[in-house]
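# Observations on the model geometry
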Amino acid sequence: MTATPDAKPRGTRLPRLARRRQLLSAAQEVFVENGYHAAAMDEIADRAGVSKPVLYQHFPGKLELYLALLDLHVDDMVNRCREALASTTENKLRVQATFSAFFDFVSTQGEAFRLVFESDLRNVAPVRQRVERSLQECAEMVSAVIQEDTGCTSDEAHLLGVGLVGMAEVSARYWVTTHGSIPKDAAEQLMARLAWRGISGFPRTA
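Residues numbered from 1 in each chain as written. Predicted model: local features only at pLDDT ≥ 70, side-chain atom pairs only at ≥ 80, totals over all residues. Heavy atoms only, no water.

## Regarding the packing of aromatic side chains
Under the criterion given, the structure shown has five aromatic pairs. With a centroid separation of 5.4 Å and an interplanar angle of 85°, the aromatic rings of Tyr-36 and Tyr-66 are classed as edge-to-face. With Tyr-36 in the loop between helix 1 (16-34) and helix 2 (41-48) and Tyr-66 in helix 4 (residues 62-86), this residue pair connects regions lying 30 residues apart in the sequence. The burial state of Tyr-36 is the same as that of Tyr-66; both residues are buried. These aromatic residues form a ring-pair network of at least three members: Phe-31, Tyr-36 and Tyr-66. It is Lys-62 that lies over the ring of Tyr-36; its NZ or CZ is 4.4 Å from the centre. (Phe/Tyr/Trp six-rings, centres within 6.5 Å; stacked < 30°, edge-to-face > 60°. Helix = DSSP H or I, 4+ residues; strand = E, 2+ residues; numbered from the N terminus. Buried < 20%, exposed > 50% of the residue type's maximum accessible area, 1.4 Å probe, protein only. Lys NZ or Arg CZ within 6 Å of the ring centre and 35° of its normal.)

## Looking at the UniProt feature "DNA-binding region" (unreviewed entry) in the chain
Sites flagged by UniProt as "DNA-binding region" (unreviewed entry) map to residues 40-59. Helix makes up 75% of residues 40-59 and strand 0%, and the two end C-alpha atoms of the span are 13 Å apart. (UniProt positions renumbered as here; feature names shortened; annotations may be inferred.)

Below is the structure:
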């Protein structure tokens, strides 16, 4: 198979972790461009500038490669949410920071969010489980704050957390499709105001 125009020259020896990062970077480009089913391991190897046997030394198959890449990005999304909630003790600012975290995630270079939210493997169990688990973790973190600061029951707080995370995810994904028709800062502030006007109506426990 002829190397793609973006293929990197072969022959450079790299430490194992550096090579793994290189392979994941090349795989991300190919998966985002082509989707999982149309992506070929030959093309990923060529894009990384390695032979296919080298690629298989690190990842035994295309699904394992995809899942390794997906793990990186769902962990990134959860960490962004965790850092947003920990960034302040003022709840209005927490809401703003959480929406910013999701808008930042979909704005990351390389459109990595498409691997999480727009994969053509969303119905494959290992992929679905990872995505659902990551969103559930974000919802649980949000609901813990809600329950701590309001009189909501655990079930009520969890439902509110799921709703807020869903609002952040869907609005951020939609914003990307508009190609910045609303500036990013304005879009995330707009949605944060909507969410805050709803959640701030619940009575505080202290």
